[in-house]
Amino acid sequence: MPEILSVSKIIRNRRTVKPAVMDPHLEVPRELIDELFENANWAPTHGFTEPWRFKVFAGDARRELALKLQELYTGHTAEGEFREDKLKKLGRNPLLAPLVIAICMRRGDNPKIPVTEEVEAVACAVQNMHLTASAAGLGAFWSSPPILDTGGMRDFLGLREMDCCLGLFYLGWLKEGENWPVSSRQPVEEKVEWIVADGAGD
Ligand SMILES: Cc1cc2nc3c(=O)[nH]c(=O)nc-3n(C[C@H](O)[C@H](O)[C@H](O)COP(=O)(O)O)c2cc1C
């Protein structure tokens, strides 16, 4: 039971921490990053396709990422929907976090595994990373702007046509004076239905 309590605590304390409250200058130790990836690598995977791939942007590479995001947003947004504030945010966010990880799905070559299951496995891997980060007090944010699902982004990341980028995972310590965010959920009872056949089987 003590182990369950600590797992529950980590799960419920996992929070989305936005880049705006991260300190870009506080380094994330390499051992911690490696631990995040090791835990990601233990996600469940149908057929052992292990479709999660991570591309880490650090240092000046974050600037290249920011420029690419802005270029894609400008090129893929209809005139009426274009927002200057969104463009600015895409250019700023990667520089506010010390690390930005492109969350990628590499489609396996087993056609019996549906692509949705590959995506689901990647999401499990990200959750493992996010829980590990939270347990260490490290902030993380899964961002998924629609421009990630473009040929331009795939090319930038060296992905094939059948692969995809599912998000950008921002990592960083909270700036001094910032607090760990709070969140809430609707009661789980509203989302669970028990189906019990009367008298069946006994
Ligand atoms: C697949 C996925 C994509 C997400 N994309 C975004 C996003 O693009 N922008 C955003 O503000 N939050 C995004 N989030 C984070 C949610 O906003 C966040 O999980 C939610 O607000 C609940 O907060 P919590 O994670 O602290 O519990 C995403 C989360 C998931 C799982």
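Everything quoted here is computed from the prediction, not taken from an experiment.

Participant: How do you make sense of the sheet that holds strand β2 (residues 99–105) when you look at a structure like this?
Facilitator: Backbone hydrogen bonds hold the strands of a sheet together, and the pairing may be parallel or antiparallel. Strand order in the open sheet made by the four strands is β1-β2-β4-β3, with antiparallel pairing throughout. Every other strand in the sheet has two partners, leaving β1 (52–58) and β3 (139–143) as the edge strands with one partner each. Neighbour-to-neighbour, the strand axes of this sheet turn through a mean angle of 25°, independent of strand direction. Alignment of β3 against strand β4 (residues 164–172), held across five bridges, turns out to be antiparallel. In the strand pairing of β4, F141 is matched with Y170.

Participant: How should I be thinking about the environment of T132 in this particular structure?
Facilitator: Here T132 lies in helix α5 (residues 115–135). What makes T132 buried here is the crowd of 20 C-beta atoms within 10 Å. Residues T132 and E161, 29 residues apart in the sequence, show an inter-C-alpha distance of 31 Å. Not counting the four nearest positions on each side in its chain, T132 is found in contact with E35, L36 and N39.

Participant: What's the story with the packing of helix α1 (residues 2–13) against α5 in this structure? I'm lost.
Facilitator: To describe two helices that pack against each other, one gives the angle between their axes and the distance between the axes. α5 packs onto α1 with a crossing angle of 95° between their chain directions and a minimal axis gap of 9 Å. Between α1 and α5, the interaxial angle falls into the category roughly perpendicular. Counting all contacts with α1, which are made through I10, I11 and N13, the residues of α5 involved are L131, S134 and A135. Here the residues of the contact of α1 with α5 sort into four nonpolar, two polar and no charged.

Participant: Looking at this model, I keep getting lost on the environment of S144. Mind explaining?
Facilitator: For S144, the position within the fold is in the loop between β3 and α6 (151–157). On the basis of neighbour count, S144 is assigned to the exposed category, with 12 C-beta atoms found within 10 Å. When the C-alpha positions of S144 and R92 are compared, they lie 15 Å apart, and in sequence the two are 52 residues distant. Residues contacting S144, with those up to four places away along its chain left out, are L166 and G167.

Participant: Hey, could you run me through the packing of helix α3 (residues 61–76) against helix α4 (residues 84–96) in this one?
Facilitator: Contact geometry of α3 with α4 gives a least axis separation of 8 Å together with a crossing angle of 165°. Regarding the angle of α3 to α4, the classification is roughly antiparallel. As for how α3 packs across α4, the hand of that crossing is right-handed. Here R62, R63, L65, A66, L69, Q70, Y73 and T74 of α3 lie close against α4, whose contacting residues are K86, L87, L90, G91, P94 and L95. In terms of residue class, the contact of α3 with α4 is built from eight nonpolar, three polar and three charged.

Participant: Got a minute to help me understand α4 in this structure?
Facilitator: In an α-helix, one turn spans 3.6 residues, which is why side chains three or four residues apart end up on the same side. Spanning 13 residues, α4 covers 18 Å between terminal C-alpha atoms, matching the ideal 18 Å at 1.5 Å per step. For α4, the principal kink sits at L90 and spans about 25°; a proline, P94, occurs within the next four residues. Three or more residues of α4 are buried, namely L90, N93, P94 and L96. Looking at the packing, one finds that the buried side of α4 touches β1, α3, β2 and β4.

Participant: Looking at this model, I keep getting lost on α1. Mind explaining?
Facilitator: Along its 12 residues, α1 runs 16 Å from first to last C-alpha, staying within 8% of the 16 Å computed at 1.5 Å per residue. When you tally the buried positions in α1, you get zero out of 12 residues, a small fraction of the element.

Participant: I keep staring at the nonpolar core and nothing clicks. Help me out?
Facilitator: Formed by 41 residues in total, the largest nonpolar core has its most connected members in I103, C165, F169, Y170 and L171. For L171, the contacting residues outside a window of four places in its chain are V28, A97, P98, L99, I101, A133, L138 and A140.

Rules used throughout
Residues numbered from 1 in each chain as written. Predicted model: local features only at pLDDT ≥ 70, side-chain atom pairs only at ≥ 80, totals over all residues. Pairing = 2+ DSSP bridges. Helix = DSSP H or I, 4+ residues; strand = E, 2+ residues; numbered from the N terminus. Axes fitted to C-alpha atoms, helices over the stretch in contact; angles between N-to-C directions. Buried ≥ 20, exposed ≤ 12 C-beta atoms within 10 Å, placed from the backbone. Contact = placed C-beta atoms within 7 Å. Parallel < 35°, antiparallel > 145°, perpendicular 65-115°, else oblique. Nonpolar A, V, L, I, M, F, W, Y, C, P; charged D, E, K, R; others polar. Left-handed = near helix turned anticlockwise from the far one by under 90°. Expected span 1.5 Å × (residues − 1). Bend = angle between axes of the 7 residues up to and from the residue. Core = buried A, V, L, I, M, F, W, Y, C linked by C-beta atoms within 7 Å.

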